[in-house]
Amino acid sequence: MAASMATAAGNMLQFMKLVGQLKRVPRTGWVYRNVKKPESVSDHMYRMAMMSLTITDPTVDKNRCIKLALVHDMAECIVGDIAPSDNISKAEKHRREEASDQYLSHYLYTVSDAHLSPLQEYETQSSPEARMVKEFDRLEMILQAHEYEELEGTPGRLQEFFDSTDGCFHHPDVLQFVRALNEERGRHETKADETKTWDSQTAGTASSQPDTTSHTSS
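Predicted model only: the values in this text are computed from it and were never measured.

Caption draft 1: Layout of the side chain of Glu121. Inspection of the secondary structure assignment puts Glu121 in helix α7 (residues 118-124). By relative accessible area, which is 5% here, Glu121 ends up buried. Polar side-chain contacts of Glu121 include one of 2.5 Å to the side chain of Ser127.

Shown next as structure tokens:
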């Protein structure tokens with residue numbers, strides 16, 4: 001009994017060390033766009049879990065969503081965050097992540113033919129909760145993109161991330177959040193355009209003024 005408890009504790013220790021790597025794996029999309037101090041994978045999953053925590057839809061299991069959010073990118077502690085620009089096929093990406101999930105499951109789950117792990121559930125999008133969390137995955141991404149634009153003072157620079165989510169949001173609560181996000185982003189872009197126009201006009205006015213500096217003869 002003591003030996004089995006020691007084994008379980010040892011497995012948990014190794015599992016926690018593995019998932020701890022997620023704190024040091026930066027999100028590749030931001031790295032490739034030269035974002036300073038890009039978020040980690042665990043940063044991304046944490047806010048997705050917080051989104052899940054705020055669910056008010058009674059038809060969706062909030063606790064299940066939180067669990068899915070916390071494990072959906074877990075394989076990246078081994079394979080890293082593979083982005084489309086890495087030129088790795090979807091099939092190969094899936095193979096690597098599935099192998100990593102199975103390795104991690106050795107530490108975390110009891111293997112059973114009747115057991116559908118949350119990793120499989122998310123991958124197959126086989127439940128309302130998995131589909132909800134997939135929307136949160138994309139929602140968190142564009143929220144982070146908006147925040148980076150704010151921090152950099154570069155409204156619109158990360159538009160491609162918003163474009164990549166066109167048609168991907170369906171849940172009414174998520175659609176409402178996206179609408180609010182786009183409205184705020186639009187206000188920031190309008191303000192930035194007005195500032196540029198004002199600066200341009202001010203510079204033009206200053207350059208057109210005659211030189212009134214007095215000159216005295218020696």
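Caption draft 2: Region of interest: the packing of helix α3 (residues 41-53) against helix α4 (residues 62-71). Where α3 meets α4, the axes come as close as 8 Å, and the angle between the chain directions of the two elements is 175°. Relative to α4, the element α3 is oriented roughly antiparallel. Here Met45, Met48, Ala49, Ser52 and Leu53 of α3 come into contact with α4, specifically with Lys62, Cys65, Ile66, Ala69 and Leu70.

Caption draft 3: A look at the packing of aromatic side chains. Tallied over the full model, the rule gives 2 aromatic pairs. For the pair Trp30 and Tyr148, a centre-to-centre distance of 5.1 Å together with 75° between the ring planes defines the contact as edge-to-face. A residue pair is termed long-range when its members are at least 10 positions apart, and Trp30 in helix α2 (residues 28-32) and Tyr148 in helix α8 (residues 128-152) qualify at 118 residues. Considered together, Trp30 and Tyr148 belong to a single accessibility category, that of buried residues. Judged by centre distance (4.5 Å) and plane angle (40°), the ring pair of Trp30 and Phe161 falls under tilted. On the criterion of sequence distance, the pair formed by Trp30 in helix α2 and Phe161 in helix α9 (residues 159-163) is long-range, its members being 131 residues apart. Trp30 sits in the buried class, given a relative accessible area of 2%. One aromatic cluster is present, built from ring pairs that chain together Trp30, Tyr148 and Phe161. A cation over a ring is seen here: Arg185 above Phe162, with NZ or CZ 3.7 Å from the ring centre.

Caption draft 4: Representation of the packing of α4 against α8. Taken N-terminus to C-terminus, the directions of α4 and α8 make an angle of 55°; their axes are 9 Å apart at the nearest point. Between α4 and α8, the angle is such that the two are oblique. The crossing of α4 and α8 is right-handed. Residues Arg64, Cys65, Leu68 and Ala69 of α4 touch α8, and the partners they reach there are Glu129, Ala130, Met132 and Val133. Here the residues of the contact of α4 with α8 are counted per class, giving 6 nonpolar, no polar and 2 charged.

Cut-offs used in this document
- Residues numbered from 1 in each chain as written.
- Predicted model: local features only at pLDDT ≥ 70, side-chain atom pairs only at ≥ 80, totals over all residues.
- Heavy atoms only, no water.
- Helix = DSSP H or I, 4+ residues; strand = E, 2+ residues; numbered from the N terminus.
- Buried < 20%, exposed > 50% of the residue type's maximum accessible area, 1.4 Å probe, protein only.
- Polar contact = N/O pair within 3.5 Å; in protein donor to acceptor, adjacent residues only side chain to side chain.
- Axes fitted to C-alpha atoms, helices over the stretch in contact; angles between N-to-C directions.
- Parallel < 35°, antiparallel > 145°, perpendicular 65-115°, else oblique.
- Contact = heavy atoms within 4.5 Å.
- Phe/Tyr/Trp six-rings, centres within 6.5 Å; stacked < 30°, edge-to-face > 60°.
- Lys NZ or Arg CZ within 6 Å of the ring centre and 35° of its normal.
- Left-handed = near helix turned anticlockwise from the far one by under 90°.
- Nonpolar A, V, L, I, M, F, W, Y, C, P; charged D, E, K, R; others polar.

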